[in-house]
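As a plain string of letters, each chain reads:
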Amino acid sequence: MSRGGGKGLSLKDKLDGNELDLSLCDLNEVPVRELAALPKATVLDLSCNNLVSLPSDFCSLMHLVKLDLSKNRLQQLPLDFGRLVNLQHLDLLNNRLVTLPVSFAQLKNLKWLDLKDNPLDPVLAKVAGDCLDEKQCKQAAVKVLQHMRAIQSEQDRQRQRKLQAEREMEKKREAEQRAKEAQERELRKREKAEEKERRRREYDAQKAAKQEMEKKTKKETVQTRKPASSSRPPQPPRHKHSWSRSVLRVLLFVLLCVLCTLAACKLTELQRQPLCVSLNTLYEDVFAALQNHKTLQNMLQQNSQQ
């Protein structure tokens, strides 16, 4: 490892038992991969270097028990710094730290802490206090852990409230969605019922019109097929009927007169009168003709029977 970048210098040469001293090496970055290969190095001194930040994989060095990062230019620690759960001693003197990550509260084994000469947040600076002797540094570790745990608890509560609010909002959205879907289903159901009722009315109207048409056609057919004789004969005029009866009466009267005249000519002394003689002769001729006609009919019937 070189002083500027870290290559060329063997870490094993710096290892003394379980202590690895990399102070005053003018380091700009931490050789995390090489440090991970030395799990025996539980005490690591990186003080008096040019470190501005720690890489995120630095928190994988969970075997560290004592860590000295004093007199660097660190502006912040990794967010998951709390993964270094075995850390008991931490020196952050004379850096540029303002706050600590919330995960710092997970360093349950931390017993010693120095945060002097950092531009800390006033609340955090008051909690940490001075670290002028062993007792104060131990108190600083206890108080800072308590403070960070309180912050973590508050953040957890805020996160829970946020999650609860999000869940309630989600439930509200789901309820609104269900209500909207139910309203849409009801609307579709009502529209379907209205459409069905409209189609039913159209069907009834078409059926009634068809029945009316069939009834009308049937009536016209019956009227067309009705016999002419069944129709009522026209009534003859009253004056024509009266005239026929008058003519019939005249004819009967004339016939009666003829019969009476004929009887008088046959039975009375008037038979010798010229008129009666003519009438008797006419009567005898007609009577003889009728007899001849009757004899001819009998002969024809006999011939037809033979």
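Quick caveat: nothing in here was measured; it's all calculated off a predicted structure.

## As for the packing of aromatic side chains
And then number 1: Inspection of the entire model under this criterion finds one aromatic pair.
And then number 2: With a centroid separation of 6.1 Å and 5° between ring planes, the pair formed by Phe81 and Phe104 is classed as stacked. Of this pair, Phe81 sits in the loop between strand E4 (66–68) and strand E5 (89–91) while Phe104 is found in the loop between E5 and strand E6 (112–114), placing the two residues 23 residues apart along the sequence.
And then number 3: Among the residues examined, Phe81 registers a relative accessible area of 0% and is labelled buried.

## Describing the sheet that holds E5
And then number 1: Reading across from one edge, E1-E2-E3-E4-E5-E6 is the order of the six strands in this open sheet, with mixed pairing throughout. Taken across any chain shown, the strands that pair with only one partner, and hence form the sheet edges, are strand E1 (15–16) and E6.
And then number 2: By the bridge criterion, three bridges tie E5 to E6 in an arrangement that is parallel. In the sheet register, Leu90 faces E6, and the bridge partner there is Leu113.

## Focus on a nonpolar patch on the surface
And then number 1: A cluster of nonpolar residues, Val250, Phe253, Val254 and Val258, forms a patch on the protein surface that exposes about 370 Å² of accessible area.
And then number 2: The residue Val258 is located in helix H4 (residues 238–267) in this model.
And then number 3: On the accessibility criterion, Val258 (46% relative accessible area) is partly exposed.

## Here we look at the side chain of Asn95
And then number 1: Residue placement: Asn95 occurs in the loop between E5 and E6.
And then number 2: Asn95 sits in the buried class, given a relative accessible area of 5%.
And then number 3: In terms of polar contacts, Asn95 uses its side chain to reach the backbone carbonyl oxygen of Leu69, at 3.0 Å.
And then number 4: Within the local environment of Asn95, its side chain forms a polar contact with the backbone nitrogen of Asn72, the two atoms lying 3.4 Å apart.

How each quantity is defined
Residues numbered from 1 in each chain as written. Predicted model: local features only at pLDDT ≥ 70, side-chain atom pairs only at ≥ 80, totals over all residues. Heavy atoms only, no water. Phe/Tyr/Trp six-rings, centres within 6.5 Å; stacked < 30°, edge-to-face > 60°. Helix = DSSP H or I, 4+ residues; strand = E, 2+ residues; numbered from the N terminus. Buried < 20%, exposed > 50% of the residue type's maximum accessible area, 1.4 Å probe, protein only. Pairing = 2+ DSSP bridges. Patch = residues over 30% accessible without salt bridge, like charges linked within 9 Å, V, L, I, M, F, W, Y side chains within 5 Å. Areas by Shrake-Rupley, 256 points an atom, 1.4 Å probe, with all protein chains shown as cover. Salt bridge = Lys/Arg side-chain N within 4 Å of Asp/Glu carboxyl O. Polar contact = N/O pair within 3.5 Å; in protein donor to acceptor, adjacent residues only side chain to side chain.

Read these as geometric descriptors, not functional statements.
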